[in-house]
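# Coordinates in review
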Amino acid sequence: FRALDSTDSILRAVSSTPRDEARGLALVALSTLAYGVLPILGKVAYAALVRPLPLLAWRYVIAAALIALLERGPRPPLRQRLRLWAVGSVFVFNSIAYFRALEQIPASVTALVLYTYPVLVASLAALVGVERLRWRALLAALGAFAGCALTAGGAPEGEPLPLSGIAWALLAALVYASYIVLSSRFGEGVPARVLALHLAQAAAALCVAFSLADGGLSLPLDPRALLAVAGMGVVSTVVAMTTFLAGMALIGPTRASV
């Protein structure tokens, strides 16, 4: 996290130097690796009989607590904090939709459908005035989706995909794209770790409430379950979220998404 100190001071649309650009790309690449293990950990947790809502609740509680320990700097004004918590509430519904999809369709197909989001980010960022929509960016987003399509394994032969699983994955893509654009717009001037803290706090509060309303927060006393949830909280949330936000500050939302 010390490596983020020089990149998390402000969120800006375009990097100012080649060195900033290289650092931004490296941070986003690290974020990609951290997010990449998420569906694997999710499948391990499901195999250990972890329910989706307690899984998400503990994931974000762990993340919020760890980021709070790491980030001791000053907090933004209350009005800005409320906006950041609102963006965090959007992020929650992406997570819920993603894990609902993962329950019903293979991880490779979930990834394929989810990775329509770079195209959505390019379109939404242009629509709200965060970035100009350039043909190069749009073609790169389409290329990212095409590459994911080439690697997706699809459904087992003879077993049609549940339409509800596809619908959840599409919803996750739309909500995630909205979260990225909103973070870029309303997180301007906020350090990446402070932004990540507020997103995780909002996600934790909502997921705990949803989980309590749906049967509680209990996890199976299975080492696989506990390690999978802890891995999600530390690797696929704290590391993934903070490095992505810091990288996006340097290279912009569309390039970070691609």
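Figured I'd write up the structure that's included with this text. (Residues numbered from 1 in each chain as written. Predicted model: local features only at pLDDT ≥ 70, side-chain atom pairs only at ≥ 80, totals over all residues. Heavy atoms only, no water.)

### Some remarks on the nonpolar core
A general tendency of soluble globular proteins is for nonpolar side chains to be buried together. Test applied: Remark: nonpolar core denotes a set of buried residues (Ala, Val, Leu, Ile, Met, Phe, Trp, Tyr, Cys) joined through side-chain atoms within 4.5 Å. The rule is simple: take the accessible area with a 1.4 Å probe, protein chains only, and divide by the maximum for that residue type; under 20% is buried, over 50% is exposed, in between is partly exposed. A helix here means a DSSP run of H or I that spans at least four residues, while a strand means a run of E at least two residues long, and both kinds are numbered starting from the N terminus. Note on definitions: a residue-residue contact is assigned when non-hydrogen atoms from the two residues lie within 4.5 Å.
With 65 residues, the main nonpolar core has L55, F99, Y117, Y179, I180, M241 and L245 as its most contacted residues. Elements represented by at least two residues in this core include exactly α1 (18-36), α2 (38-47), α3 (52-70), α4 (78-104), α6 (117-127), α8 (163-186), α9 (192-213) and α10 (223-251). Considering each element in turn, this core owes the most residues, 13 residues, to α10. Dropping the residues within four chain positions of it, Y117 is found in contact with A173, Y176, A177, I180 and S257. Formed by five residues, the second largest nonpolar core is a distinct cluster that contains A101, V109, V113 and A169.

### Focus on the environment of S164
Operational definition: In the analysis that follows, any N or O atom pair within 3.5 Å is treated as a polar contact, provided that within protein one partner can donate a hydrogen and the other can accept it, and provided that, for residues neighboring in sequence, both atoms belong to side chains.
Looking at the secondary structure, you find S164 in helix α8. Overall, S164 belongs to the partly exposed group, its relative accessible area being 38%. In this structure the side chain of S164 is engaged in a polar contact, spanning 2.3 Å, whose partner is the side chain of Q104.

### Here's the deal with unusual backbone geometry
With a phi close to 70°, L49 is a non-glycine residue in the positive phi region. Mapped onto the fold, L49 is located in the loop between α2 and α3. Given a relative accessible area of 69%, L49 falls into the exposed group.

### Considerations on the packing of aromatic side chains
Formally: The rule is short: rings of Phe, Tyr and Trp, with Trp giving its six-membered ring, pair when the centres are within 6.5 Å, and they are stacked under 30 degrees, edge-to-face over 60, tilted in between.
Throughout the structure, instances matching the rule amount to eight aromatic pairs. Members of the aromatic cluster, joined through ring pairs, are Y60, F91, Y117, Y176 and Y179.

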